[in-house]
Amino acid sequence: MDWQGQKLSEHLMQYLLLGSAIIAFLAGYLTSSYSTMLWTYLVGVIVTFLVTVPDWPFYNRKPLHWLEPMYADMPSTRQINKSKQQPPPSSGKK
């Protein structure tokens, strides 16, 4: 999933949850049933989960292309830092 896909997924999640909450409230109000409201909202949460959590292809429309390393033969920064941290040689005085 690319950056734009993450943004789209986040927006879809917010809109779907808000929409399902409104629909669940109206369904519960019109039927005067608290359980109808809860079941309607649960269906909305499940639909939201199925739409936003899997990595669907429409979330990857603008994939990032990473550059290849330029200097593969160069020592890594960890090796360079390790050689710099060695203690200085002793002067031989006791």
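Only a predicted model underlies this, so the values are computations on that prediction, with no experimental measurement involved.

Cut-offs and rules
- Residues numbered from 1 in each chain as written.
- Predicted model: local features only at pLDDT ≥ 70, side-chain atom pairs only at ≥ 80, totals over all residues.
- Heavy atoms only, no water.
- Helix = DSSP H or I, 4+ residues; strand = E, 2+ residues; numbered from the N terminus.
- Contact = heavy atoms within 4.5 Å.
- Expected span 1.5 Å × (residues − 1).
- Buried < 20%, exposed > 50% of the residue type's maximum accessible area, 1.4 Å probe, protein only.
- Arc of directions from axis to C-beta.
- Axes fitted to C-alpha atoms, helices over the stretch in contact; angles between N-to-C directions.
- Parallel < 35°, antiparallel > 145°, perpendicular 65-115°, else oblique.
- Left-handed = near helix turned anticlockwise from the far one by under 90°.
- Nonpolar A, V, L, I, M, F, W, Y, C, P; charged D, E, K, R; others polar.
- Phe/Tyr/Trp six-rings, centres within 6.5 Å; stacked < 30°, edge-to-face > 60°.
- UniProt positions renumbered as here; feature names shortened; annotations may be inferred.

A. Structural context of the side chain of Ser9. Along the chain, the position of Ser9 falls in helix α1 (residues 3–31). Not counting chain neighbours up to four residues away, the residues in contact with Ser9 comprise Met1, Thr52 and Tyr59.

B. Quick look at helix α2 (residues 34–52). When the terminal C-alpha atoms of α2 are compared, their 27 Å separation across 19 residues agrees well with the 27 Å that a helix rising 1.5 Å per residue should span. Those residues of α2 lying buried are Gly44, Thr48 and Thr52. Buried residues of α2, viewed axially, fall in a sector of 50°; they line one side.

C. How the structure looks around the packing of α1 against α2. Between α1 and α2, the least distance of the axes is 8 Å, while the angle of their chain directions is 165°. One element, α1, and the other, α2, form an angle in the roughly antiparallel class. Note that α1 runs across α2; the crossing there is right-handed. In terms of residue class, the contact of α1 with α2 is made up of 13 nonpolar, 9 polar and no charged.

D. Layout of the packing of aromatic side chains. Enumeration according to the criterion identifies 2 aromatic pairs in this entry. When the ring of Phe25 is compared with that of Tyr29, the centres are 6.1 Å apart and the planes differ by 20°; the resulting orientation is stacked. Of the two residues, Phe25 and Tyr29 are both situated in helix α1; the distance of 4 residues between them amounts to about one turn of the helix. An angle of 45° between the planes, with centres 4.4 Å apart, marks the rings of Phe58 and Tyr59 as tilted.

E. Up close: the UniProt feature "transmembrane region" (unreviewed entry) in the chain. Feature annotation in UniProt assigns "transmembrane region" (unreviewed entry) to the following positions: residues 12–32 and 38–59. Secondary structure content for residues 12–32 is 95% helix and 0% strand, while the C-alpha to C-alpha distance between its ends is 29 Å. The span residues 38–59 shows a helical share of 68% and a strand share of 0%, and its end C-alpha atoms are spaced 30 Å apart.

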